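This is what each chain is made of:
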Amino acid sequence: MWRDLRPIGRNRDSGGYRRYAWTAADADCRAWFRAQAESRGLTYELDRNGNQWAWLGDPDAGDAVVTGSHLDSVPDGGAFDGPLGVVSSFAALDELRHRGAEFTKPLAITNFGDEEGARFGLACVGSRLTSGVLTPEQAHALTDADGVSLPQAMERAGYDPETIGPDHDRLARIGAFIELHVEQGRALDLSGDAVGIASSIWPHGRWRFDFRGEANHAGTTRLVDRRDPMLSYAETVLAARREARLAGAVATFGKIAVEPNGVNAIPSLVRGWLDSRAADQQALDDTVTAIEKAARAYADEHGIEVSLTRESFTPVVEFDHALRDELARILGTDQELKVPVLGTGAGHDAGILASSIPTAMLFVRNPTGVSHSPAESAAEDDCLAGVHALADVLEGLACT
């Protein structure tokens with residue numbers, strides 16, 4: 001499975017993946033998923049929001065156990081983020097069949113669409129729509145960098161955007177959702193464990209800073225006469241690092257847009273996007289407030305206008321404690337402490353769905369901690385340990 005999926009959407013120059021929602025690479029990933037489902041005799045289904053499902057048993061029976069993740073990527077992302085969870089889900093089902101497990105509940109494997117938000121700027125679109133966190137009106141207003149709207153992209157890919165919206169009946173039939181994911185950090189590497197259980201997802205959000213100055217000639221404008229928004233932006237980036245360190249949070253300016261974007265022109269506008277996350281809400285609020293305060297102070301000093309827009313926000317997600325404890329029991333954590341429980345600063349579909357259904361996550365060791373990069377990796381033995389752990393969990397939840 002890994003060998004068949006690996007070439008899809010891979011950029012030869014960077015070695016990373018560009019599997020964006022409703023593109024040709026996304027279509028190839030979806031075709032791969034459907035082929036995997038049908039080759040195992042599973043019932044394939046595409047829901048109203050473009051999420052894919054592969055069912056073993058009656059989808060309408062209720063109390064289903066669902067596993068899976070996503071197949072899309074960030075720009076030049078790694079091979080493991082998302083796909084490892086989907087591949088491992090199919091592999092875990094194969095393992096359970098090899099064991100001769102008898103299912104007493106329906107089981108489904110899913111691929112949630114547009115988890116990374118690389119094209120339309122909002123993460124977890126498929127799960128947000130399904131759970132009602134994102135309304136159809138909000139989804140229809142999303143556009144990519146080329147001005148293509150989400151409905152237009154769906155139509156071009158052969159899907160009907162008029163059907164999108166909350167799918168509460170579907171969620172009501174799910175008793176538990178388990179998402180396996182490569183760890184996006186080094187906690188497991190430092191502890192020496194191959195697999196871990198998630199405790200919670202840090203609160204996190206994305207904010208857009210607009211710095212407006214005055215465009216002018218780079219060669220003839222005296223330094224003292226300039227209203228250069230790039231200076232305020234640069235100082236704000238440094239402030240973000242400083243304030244995050246003080247609060248025990250993380251803060252990153254990873255995307256920037258400049259107008260007029262000429263080598264020999266002082267910018268009139270610098271727009272930067274901040275991603276910030278922290279272990280608790282107060283630390284996150286303190287970090288963003290401090291960064292905004294610094295940005296406005298620098299902007300006033302340089303004669304720059306600054307505005308701040310919060311584009312997305314997800315509060316802290318505590319995974320279902322009863323389900324989390326059941327995973328710990330199944331995997332032996334209570335007795336031998338072989339599987340640590342850890343928090344994460346990364347968002348996931350399981351976090352979005354947690355407000356609607358019981359969810360839990362398993363992490364597989366990432367030896368370098370690198371993620372959202374072509375350098376992302378995981379050892380085969382650790383991946384197999386993840387498959388066996390997921391199989392154990394699914395057997396404990398869905399089988400006699």
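Details of the structure are given in the entry above.
Below: a short report on this structure.

Quick notes on the rules
- Residues numbered from 1 in each chain as written.
- Predicted model: local features only at pLDDT ≥ 70, side-chain atom pairs only at ≥ 80, totals over all residues.
- Heavy atoms only, no water.
- Salt bridge = Lys/Arg side-chain N within 4 Å of Asp/Glu carboxyl O.
- Helix = DSSP H or I, 4+ residues; strand = E, 2+ residues; numbered from the N terminus.
- Buried < 20%, exposed > 50% of the residue type's maximum accessible area, 1.4 Å probe, protein only.
- Expected span 1.5 Å × (residues − 1).
- Pairing = 2+ DSSP bridges.
- Axes fitted to C-alpha atoms, helices over the stretch in contact; angles between N-to-C directions.
- Phe/Tyr/Trp six-rings, centres within 6.5 Å; stacked < 30°, edge-to-face > 60°.
- Lys NZ or Arg CZ within 6 Å of the ring centre and 35° of its normal.

Section: the pattern of salt bridges
Okay, so step 1: All chains considered together, the criterion is met by 23 salt bridges.
Okay, so step 2: A salt bridge links Asp392 to Arg99; the shortest N-O distance between them is 2.9 Å. You can see Asp392 sitting in helix α14 (residues 380–398) and its partner Arg99 sitting in helix α3 (residues 83–99), a full 293 residues away along the chain.
Okay, so step 3: Residue Asp392 is classed as partly exposed on the basis of its relative accessible area, which comes to 28%.
Okay, so step 4: By sharing partners, the salt bridges in this structure join Glu95, Arg99, Asp392 and Glu395 into a single network.

Remarks on α14
Okay, so step 1: Taking 1.5 Å of rise per residue, 19 residues should cover 27 Å, and α14 covers 26 Å from first to last C-alpha, within 8% of that figure.
Okay, so step 2: Burial in α14 covers these residues: Asp382, Cys383, Gly386, Val387, Ala389, Leu390, Ala391, Val393, Leu394, Leu397 and Ala398.

A few points about the sheet that holds strand β11 (residues 269–277)
Sheet strands pair by backbone hydrogen bonding; their relative direction is either parallel or antiparallel.
Okay, so step 1: Taken in spatial order, the four strands line up as β9-β11-β7-β12 in an open sheet, and their pairing is antiparallel. Edge strands, defined here as strands with exactly one partner in the open sheet, are β9 (250–259) and β12 (305–314). Across the sheet, the mean angle separating the axes of adjacent strands is 20° when strand polarity is ignored.
Okay, so step 2: In this sheet, β11 lies alongside β9 in antiparallel orientation, the contact comprising nine bridges.

Brief notes about the packing of aromatic side chains
Okay, so step 1: The full count for this structure, using the stated rule, is 11 aromatic pairs.
Okay, so step 2: Ring geometry for Trp53 and Trp55: centres 5.9 Å apart, planes at 10°, overall stacked.
Okay, so step 3: The exposure class of Trp53 is buried, given its relative accessible area of 1%.
Okay, so step 4: A centroid spacing of 6.2 Å and a plane angle of 15° characterise the contact between Phe209 and Phe211, whose relative ring orientation is stacked.
Okay, so step 5: When its relative accessible area of 1% is taken as the criterion, Phe209 is described as buried.
Okay, so step 6: These aromatic residues form a ring-pair network of at least three members: Trp53, Trp55, Phe112 and Phe177.
Okay, so step 7: Arg170 extends its terminal NZ or CZ atom over the ring of Trp53, reaching a point 4.9 Å from the ring centre.
Okay, so step 8: When the ring centre of Trp273 is taken as reference, the NZ or CZ atom of Lys255 above it lies at 4.6 Å.

A word on unusual backbone geometry
Okay, so step 1: Glu259 connects to Pro260 through a cis peptide bond whose omega is 0°.
Okay, so step 2: Summarising the element assignment, Pro260 is placed in the loop between β9 and β10 (265–266).
Okay, so step 3: Phi angles above zero are rare outside glycine, and Asp114 is one such case at about 50°.
Okay, so step 4: Its place among the elements puts Asp114 in the loop between β4 (107–111) and α4 (125–131).
Okay, so step 5: On the basis of relative accessibility, which here comes to 6%, the residue Asp114 falls in the buried class.

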